[in-house]
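# Structure at a glance
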Amino acid sequence: MRKIRIAQIGINQYSHSNEIFGSICKQKDLFEVVGIAFPENEKERLPKNCARFEDLPELTVEQIMADPTIEAVAVETDEIYCTKYALMAAKAGKHIHMEKPGGLDLAAFEELIATVKEKNLVFCVGYMYRWNPYIMELMDAIKAGDLGDIVSIEAQMSRTDTEYDRKWME
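Scope of this entry: the structure provided in the associated data block. (Residues numbered from 1 in each chain as written. Predicted model: local features only at pLDDT ≥ 70, side-chain atom pairs only at ≥ 80, totals over all residues. Heavy atoms only, no water.)

### Here's the deal with the overall build of the protein chain
Keep this limit in mind: Counting from the N terminus, the helices are the DSSP runs of H or I reaching at least four residues and the strands are the DSSP runs of E reaching at least two. Accessibility here uses a 1.4 Å probe with only protein chains present; expressed as a share of the type maximum, an area under 20% marks a residue as buried, one over 50% as exposed, and anything in between as partly exposed. In what follows, a contact means two residues having at least one pair of non-hydrogen atoms within 4.5 Å. Here, Shrake-Rupley sampling with a 1.4 Å probe gives the accessible areas, and only protein chains in the shown set may cover a residue. When charges are counted, Lys and Arg contribute as positive and Asp and Glu as negative, whereas His and the chain ends are disregarded. Charge positions are represented by NZ for Lys, CZ for Arg, CG for Asp and CD for Glu.
In terms of regular secondary structure, the protein chain is built from eight helices and five strands. With the principal axes as the frame, the protein chain shows a C-alpha extent of 60 × 40 × 35 Å. For the protein chain, with 170 residues in total, the buried portion stands at 36%. In the protein chain, of all internal contacts separated by at least 6 residues, the share reaching a separation of at least 24 is 67%. Carbon and sulfur atoms provide 55% of the accessible area of the protein chain, an area that totals close to 11300 Å². Charged side chains of the protein chain number 20 positive and 29 negative; the gap between the two group centres comes to 4 Å.

### Focus: the sheet that holds strand 5 (residues 123-125)
To keep it simple, the criterion reads: DSSP-based pairing: two strands are paired if at least 2 bridges between them are found. Axes here mean lines fitted to C-alpha atoms, for a helix over just the part in contact, with angles spanning 0 to 180 degrees between N-to-C directions.
Spatial strand order, 2-1-3-4-5: five strands in an open sheet with parallel pairing. In this open sheet, the two strands that pair with only one neighbour each are strand 2 (31-37) and strand 5. Strand after strand, the sheet turns through a mean of 15 degrees between neighbouring axes, direction not considered. By the bridge criterion, four bridges tie strand 1 (residues 4-9) to strand 3 (residues 72-75) in an arrangement that is parallel. Across the sheet, I6 pairs through a bridge with A72, a residue of strand 3. With respect to the sheet, helix 5 (residues 79-91) is in contact with strand 1, strand 3 and strand 4 (95-98), its orientation differing from that of strand 4 by roughly 170 degrees.

### A short note on the nonpolar core
As a reminder of what qualifies: Each nonpolar core is a collection of buried residues, namely Ala, Val, Leu, Ile, Met, Phe, Trp, Tyr and Cys, held together in the definition by side-chain atoms within 4.5 Å.
Counting residues in each nonpolar core, the largest one holds 21 residues, and the members touching the most others are I9, I64, V73, V75, I96, M98 and L112. For this core, the elements supplying multiple residues, two or more each, are strand 1, strand 2, helix 4 (61-66), strand 3, helix 5, strand 4 and helix 6 (106-118). Ranked by the residues each element gives to this core, the list is headed by helix 5, at six residues. Apart from residues no more than four positions distant in its own chain, I9 is found in contact with A37, P39, V61, I64, M65, V73, A74, V75, E76, T77 and Y85.

### Considerations on a nonpolar patch on the surface
Applicable threshold: Two joining distances apply to patches: 9 Å for like charges and 5 Å for nonpolar side chains (Val, Leu, Ile, Met, Phe, Trp, Tyr), and every residue must have over 30% relative accessible area and no salt bridge. Just to be clear on terms, a salt bridge is a Lys or Arg side-chain nitrogen sitting within 4 Å of an Asp or Glu carboxyl oxygen.
Taken together, the side chains of L138, M139, I142, L147, I150 and I153 make up a nonpolar region of the molecular surface, amounting to roughly 530 Å² of accessible area. Here I142 is to be found in helix 7 (residues 133-143).

Structural measurements only, silent on function.
The following block contains the structure:
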């Protein structure tokens, strides 16, 4: 079976860029990881996050887009830039995994979706738990009063974060 040549565009302090990259690398029978681009000054802003990628060739976004042998990209940059780079990839005919959410510009996201459909590309957006059908059903039941008066909720995500990260999530 021929491997899919894939590159990653970006890293993000709060995304799953390391996890997505790790998952792609584990699937050696499916993917050939050819490089990574660090747009938006990510190497300077997030040096600790770059360590995982030091064995990979560093490419520019332009090199990734211009290389017809790179069939797919994982767009993992800051959320405000995801749609920008995903749209570039779609226009270049590349299949896309993009970190969520779909950016801040609805028109740009709609253009991305139209381009993906027009070019018949695979497009995957990182999973957002809040849109899980069971969570949505639960929220509807709460709003409808089907569960009575909710007086307490306990939730756990089982993750370790720095003080800086906890403050950001507030």
